[in-house]
Amino acid sequence: MIVVTGATGNVGRPLVQALVAAGEQVTAVSRRISEPDVPVGVRHRRADLAEPASLKPALEGAEALFLLTSADFMANGDLGEVMNVVRAAGIRRVVLLSSHGVGTGRHPSGLEDAVKQSGLEWTMLRPGNFDSNTFRWADSVRAQRVVTAPFGDVAVPAIDPADIAEVAGVALREPGHEGNVYTLTGPAPISPRQQATAIGDALGEPVRFIEQSREEARRQMLRYMPEPVVEATLGALGAPSPAEQRVSPDVEPILGRPPRTFAQWAERNIAAFR
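Given the structure is predicted, the values throughout are model-derived calculations rather than measurements.

Some remarks on the overall build of the protein
(1) Moving on: Along its length, the protein carries 14 helices and 12 strands.
(2) Moving on: For the protein, the C-alpha radius of gyration of 19 Å lies close to 19 Å, the compact-globule estimate for 274 residues.
(3) Moving on: For the protein, the spread of C-alpha atoms along the three principal axes comes to 50 × 40 × 35 Å.
(4) Moving on: The burial tally for the protein puts 47% of its 274 residues in the buried class.
(5) Moving on: If you take every contact in the protein between residues at least 6 apart in sequence, the share linking residues at least 24 apart comes to 74%.
(6) Moving on: When the accessible surface of the protein is summed, it comes to about 12,600 Å², and 48% of that surface belongs to carbon and sulfur atoms.
(7) Moving on: Computed over 28 positive and 32 negative side-chain charges, the separation of the two mean positions in the protein equals 3 Å.

Considerations on the environment of Gln 194
(1) Moving on: For Gln 194, the location among the structural elements is in helix 9 (residues 192-203).
(2) Moving on: Gln 194 gets classed as partly exposed once you look at its relative accessible area, which sits at 44%.

Things to note about the pairing of strand 9 (residues 156-159)
(1) Moving on: Strand direction decides the pairing type here: strand 7 (residues 129-130) and strand 9, joined by 2 bridges, are parallel. If you follow Phe 130 over to strand 9, its bridge partner there is Ile 159.

Quick look at the pairing of strand 4 (residues 64-67)
(1) Moving on: What you see with strand 4 is no split at all: Ala 64 and Phe 66 on one side and Leu 65 and Leu 67 on the other are buried throughout.
(2) Moving on: Pairing of strand 4 with strand 5 (residues 93-97) involves 4 bridges; the strand directions are parallel. Bridge pairing in strand 5 links Phe 66 to Val 95.

What about the sheet that holds strand 9?
(1) Moving on: With mixed pairing, the 3 strands of this open sheet are ordered in space as 7-9-11. At either margin of the open sheet sits one strand with a lone partner, and together these are strand 7 and strand 11 (189-190).
(2) Moving on: In the sheet, strand 9 pairs with strand 11 via 2 bridges, with the strands oriented antiparallel. The residue bridging Val 156 from the neighbouring strand is Ile 190, located in strand 11.

Let's talk about the nonpolar core
A general tendency of soluble globular proteins is for nonpolar side chains to be buried together.
(1) Moving on: Formed by 31 residues in total, the largest nonpolar core has its most connected members in Val 4, Leu 15, Phe 66, Leu 125, Ile 164, Leu 172 and Leu 184.
(2) Moving on: Of all the secondary-structure elements, those providing two or more residues to this core are strand 1 (2-5), helix 1 (12-21), strand 2 (26-30), strand 4, strand 5, helix 8 (161-173), strand 10 (180-184) and helix 13 (251-255).
(3) Moving on: Sort the elements by how many residues they give to this core and helix 8 lands first, with 7 residues.
(4) Moving on: In contact with Leu 125, not counting residues within four places along its chain, are Phe 66, Val 95, Leu 96, Leu 97, Ser 98, Ser 99, Ile 164, Val 167, Ala 168, Tyr 182 and Leu 184.
(5) Moving on: Listed in part, the 24 residues of the second largest apolar core include Leu 59, Ala 62, Phe 73 and Val 82.

Focus on the side chain of Ser 118
(1) Moving on: Inspection of the secondary structure puts Ser 118 in the loop between helix 6 (110-116) and strand 6 (121-127).
(2) Moving on: Classification of Ser 118 as buried rests on a relative accessible area of 7%.
(3) Moving on: Here Val 115 takes part through its backbone oxygen, which lies 2.6 Å from a polar atom of the side chain of Ser 118.
(4) Moving on: Once you skip the residues sitting within four places of it in the chain, Ser 118 turns out to touch Met 83 and Arg 87.

What to know about helix 8
(1) Moving on: For helix 8, built from 13 residues, the straight-helix expectation of 18 Å at 1.5 Å per residue is met to within 8% by its first-to-last C-alpha distance of 18 Å.
(2) Moving on: The element helix 8 is largely enclosed, with a buried count of 11 among its 13 residues.
(3) Moving on: Taken together, the buried positions of helix 8 are Pro 161, Ala 162, Asp 163, Ile 164, Ala 165, Val 167, Ala 168, Gly 169, Val 170, Ala 171 and Leu 172.
(4) Moving on: Taking the backbone nitrogen of Ala 162 as reference, a side-chain oxygen 2.8 Å away marks Asp 160 as the first, capping residue of helix 8.

Description of the packing of aromatic side chains
(1) Moving on: Considering all chains together, one arrives at 4 aromatic pairs under this definition.
(2) Moving on: In textbook terms, an aromatic cluster arises when at least three aromatic residues are bridged by ring pairs, as seen for Phe 135, Phe 262, Trp 265 and Phe 273.

Cut-offs applied
Residues numbered from 1 in each chain as written. Predicted model: local features only at pLDDT ≥ 70, side-chain atom pairs only at ≥ 80, totals over all residues. Heavy atoms only, no water. Helix = DSSP H or I, 4+ residues; strand = E, 2+ residues; numbered from the N terminus. Rg over C-alpha atoms; globule rule 2.2 N^0.38 Å. Buried < 20%, exposed > 50% of the residue type's maximum accessible area, 1.4 Å probe, protein only. Contact = heavy atoms within 4.5 Å. Areas by Shrake-Rupley, 256 points an atom, 1.4 Å probe, with all protein chains shown as cover. Lys, Arg positive; Asp, Glu negative; His and termini not counted. Charge placed at Lys NZ, Arg CZ, Asp CG, Glu CD. Pairing = 2+ DSSP bridges. Core = buried A, V, L, I, M, F, W, Y, C linked by side-chain atoms within 4.5 Å. Polar contact = N/O pair within 3.5 Å; in protein donor to acceptor, adjacent residues only side chain to side chain. Expected span 1.5 Å × (residues − 1). Phe/Tyr/Trp six-rings, centres within 6.5 Å; stacked < 30°, edge-to-face > 60°.

Structure, rendered in structure tokens:
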């Protein structure tokens, strides 16, 4: 049995589907999950990592755990307490969705430290910018064929969440990934302006790009992200270090293929922008 937290999100949902397709038994966990959110026959449980005891029923009979924490958990949760519950439940292997920012020093390492100190087998996944972050443009693209974003011509690699899910699935199911840290990026750096163009190409209609100021973007992001995360994110997007602009080779050896491009992601998800 493999437990997937964050099972209704951009990574968790395709991970559950991939594990089921591989013949694994899965328990899908989220704070507000219900039967329509999971494939037929998949066990689902509601739990909140901020209340570690709520996770206990979901962990029964499981051997491996995909661990995804929300932004509000990062502000208020205690992953050490979560790991105590996980270890007591008999879980042997944990795959943590961490952040590229831990490796570059933009983000603190507390979550990774808690998992490493648990004494369990662990694998760290450090993705950078997600292709799916552009879903925040969907309303303006549908209404006006416009994208508004800061740092229009600053390019950093972005990764398809489905690729993250596939890497996680391999690390959860197959031996040889214990103690490894994987930096996950797409195949090339891409700027917001180029992403807007790719969405327009998938639509078959031009999408106009309007560049925001850093402060305008900051005010907008503070509506749904803690301030330290907003500042770190704007720093990485606006003035990325060489490490943050570098394309990682880690996806291809694990999946046996290159990571998907942003254009491929846009074509697959274009219904959200129509």
